[in-house]
Amino acid sequence: MSSVEDSQPLINHLIELRNRLLKAVLCVLLVFCGLVFFANDIYRMVALPLIEQLPQGSTMISTGVAAPFFTPLKLTGVVAIFLSVPYLLYQVWAFVAPALYQHEKRLIYPLLFSSTLLFYAGVAFAYYVVFPLVFGFLTKTAPEGVAIATDISNYLDFVLTIFLAFGICFEVPIAIILLCWSGVVTADDLRRKRPYIIVAAFVIGMFLTPPDVFSQTLLAVPMWLLFEVGLLVSRFYKPREEQESSAS
């Protein structure tokens with residue numbers, strides 16, 4: 001009898017998880033259906049930073065038979081997920097909230113909100129700042145006699161990778177806060193390792209941007225500043241054991 005009772009909470013959690021996942025998928029599908037009519041316009045908007053840097057008379061090309069149809073749809077699906085992020089995070093929050101203390105719930109709210117804003121900020125930074133520099137650099141370094149005609153599928157894979165990389169990089173403050181909150185590291189440990197972290201930021205910038213100091217600095221400096229912001233905010237997020245001991 002006890003084994004049946006013990007299994008009930010697990011079954012209830014699985015049912016709730018299924019319902020949360022279904023709601024998340026439904027939200028993405030609804031957003032996708034609302035955007036699919038504008039798929040070509042969305043792709044042109046994303047391709048604009050490259051189109052503006054192409055030499056006179058050059059255009060993007062498609063080497064796949066069905067690529068002109070499926071590539072904009074693929075991008076629209078990604079945009080649907082991107083726009084659904086606040087609702088998806090809410091579903092995650094609603095699932096884990098019952099396991100949190102009341103003061104932890106109050107601390108989680110700003111984390112969810114700020115993590116969404118930071119991810120959007122990273123994507124916007126890549127689109128408005130990085131892409132013009134990257135494509136301007138790449139289009140001007142083509143060897144003489146080589147015509148620049150980028151395939152639309154390859155371009156989409158490239159920009160989605162950059163969007164994801166910058167979106168994740170801008171989550172540095174959230175990562176710092178979670179590490180300190182979970183007790184993996186302390187803010188003092190991270191302060192002592194600041195020189196290594198700054199070097200790591202420039203190394204990451206070197207891999208994600210063209211090989212010039214200006215572009216590398218353009219990514220490394222924001223990452224460093226976001227690291228400092230994470231250190232400042234992490235003092236409000238102490239590990240649960242430390243909070244319980246101070247409360248007692």
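Whatever comes next refers back to the structure up there.
Reading the values: rules and limits
Residues numbered from 1 in each chain as written. Predicted model: local features only at pLDDT ≥ 70, side-chain atom pairs only at ≥ 80, totals over all residues. Heavy atoms only, no water. Helix = DSSP H or I, 4+ residues; strand = E, 2+ residues; numbered from the N terminus. Buried < 20%, exposed > 50% of the residue type's maximum accessible area, 1.4 Å probe, protein only. Contact = heavy atoms within 4.5 Å. Areas by Shrake-Rupley, 256 points an atom, 1.4 Å probe, with all protein chains shown as cover. Expected span 1.5 Å × (residues − 1). Salt bridge = Lys/Arg side-chain N within 4 Å of Asp/Glu carboxyl O. Patch = residues over 30% accessible without salt bridge, like charges linked within 9 Å, V, L, I, M, F, W, Y side chains within 5 Å. Axes fitted to C-alpha atoms, helices over the stretch in contact; angles between N-to-C directions. Parallel < 35°, antiparallel > 145°, perpendicular 65-115°, else oblique. Left-handed = near helix turned anticlockwise from the far one by under 90°.

Visitor: Give me the lowdown on the overall build of the protein, citing residues and values where you can.
Guide: Within the protein, the secondary structure is distributed over 11 helices and zero strands. In the protein, the order of α-helices and β-strands from amino to carboxyl end is α-α-α-α-α-α-α-α-α-α-α. For the protein, with 248 residues in total, the buried portion stands at 36%. Considering only contacts within the protein whose residues lie at least 6 apart along the sequence, 83% involve residues at least 24 apart. Only carbon and sulfur atoms are counted for the fraction: they give 71% of the accessible area of the protein, which is about 14,900 Å².

Visitor: If you had to explain helix α4 (residues 85-96) to someone new, which residues and values would you point to?
Guide: The end-to-end C-alpha distance of α4, which contains 12 residues, comes to 17 Å, matching closely the 16 Å that a straight helix rising 1.5 Å per residue would cover. Within the sequence span of α4, burial applies to Val85, Gln91, Trp93 and Ala94.

Visitor: So, the pattern of salt bridges: which residues are in play, and what are the values?
Guide: The tally for this structure, following the rule as stated, stands at five salt bridges. We note a salt bridge from arginine 192 to aspartate 189, for which the minimum N-O separation is 2.3 Å. Remark: aspartate 189 and arginine 192 occur in helix α8 (residues 187-192); sequence separation between them is three residues, near one turn of the helix. For glutamate 228, the salt bridge is made with arginine 194, and the minimal N-O distance between the two is 2.7 Å. In this pair, glutamate 228 sits in helix α10 (residues 213-234) while arginine 194 sits in helix α9 (residues 194-208), placing the two residues 34 residues apart along the sequence. Given a relative accessible area of 25%, arginine 194 falls into the partly exposed group.

Visitor: Explain a nonpolar patch on the surface to me, using residue names and the numbers behind them.
Guide: A surface patch of nonpolar side chains, about 370 Å² in accessible area, is lined by Leu10, Leu14, Leu17 and Leu21. Mapping leucine 10 onto the fold places it in helix α1 (residues 2-35). The exposure class assigned to leucine 10 is exposed, which follows from its relative accessible area of 52%.

Visitor: Help me get a handle on the environment of histidine 13, residues and values and all.
Guide: You can see histidine 13 is positioned in helix α1. Judged by relative accessible area, which is 46%, histidine 13 ranks as partly exposed. C-alpha of histidine 13 to C-alpha of phenylalanine 95: the two residues are 82 residues apart in sequence and 8.5 Å apart in space.

Visitor: How would you summarise the environment of leucine 88 if you had to cite specific residues and measurements?
Guide: By secondary structure assignment, the location of leucine 88 is in helix α4. Accessibility expressed as a relative area gives 22% for leucine 88, which makes it partly exposed. Sequence spacing of leucine 88 and valine 25 is 63 residues, and the spatial spacing of their C-alpha atoms is 8.9 Å. Ignoring anything within four residues of it in the chain, the contact list for leucine 88 reads Ala24, Val28 and Ile81.

Visitor: Requested: an account of the packing of helix α3 (residues 67-83) against helix α6 (residues 152-169), with residues and values cited.
Guide: The N-to-C vectors of α3 and α6 enclose an angle of 15 degrees; their axes lie 9 Å apart at closest approach. Relative to α6, α3 is oriented roughly parallel. Pair α3 / α6 crosses with left-handed handedness. Two secondary-structure elements touch here, α3 through Ala67, Pro68, Thr71, Lys74, Leu75 and Val78 and α6 through Ile152, Ser153, Leu156, Asp157 and Leu160.

Visitor: Explain the environment of proline 49 to me, and be specific about the residues and the numbers.
Guide: Counting through the fold element by element, proline 49 comes out in helix α2 (residues 39-51). Spatially, the C-alpha atoms of proline 49 and phenylalanine 135 are 7.3 Å apart, while their sequence positions differ by 86 residues. Residues in contact with proline 49, not counting those within four places in the same chain, are Tyr127, Phe131, Phe135 and Tyr155.

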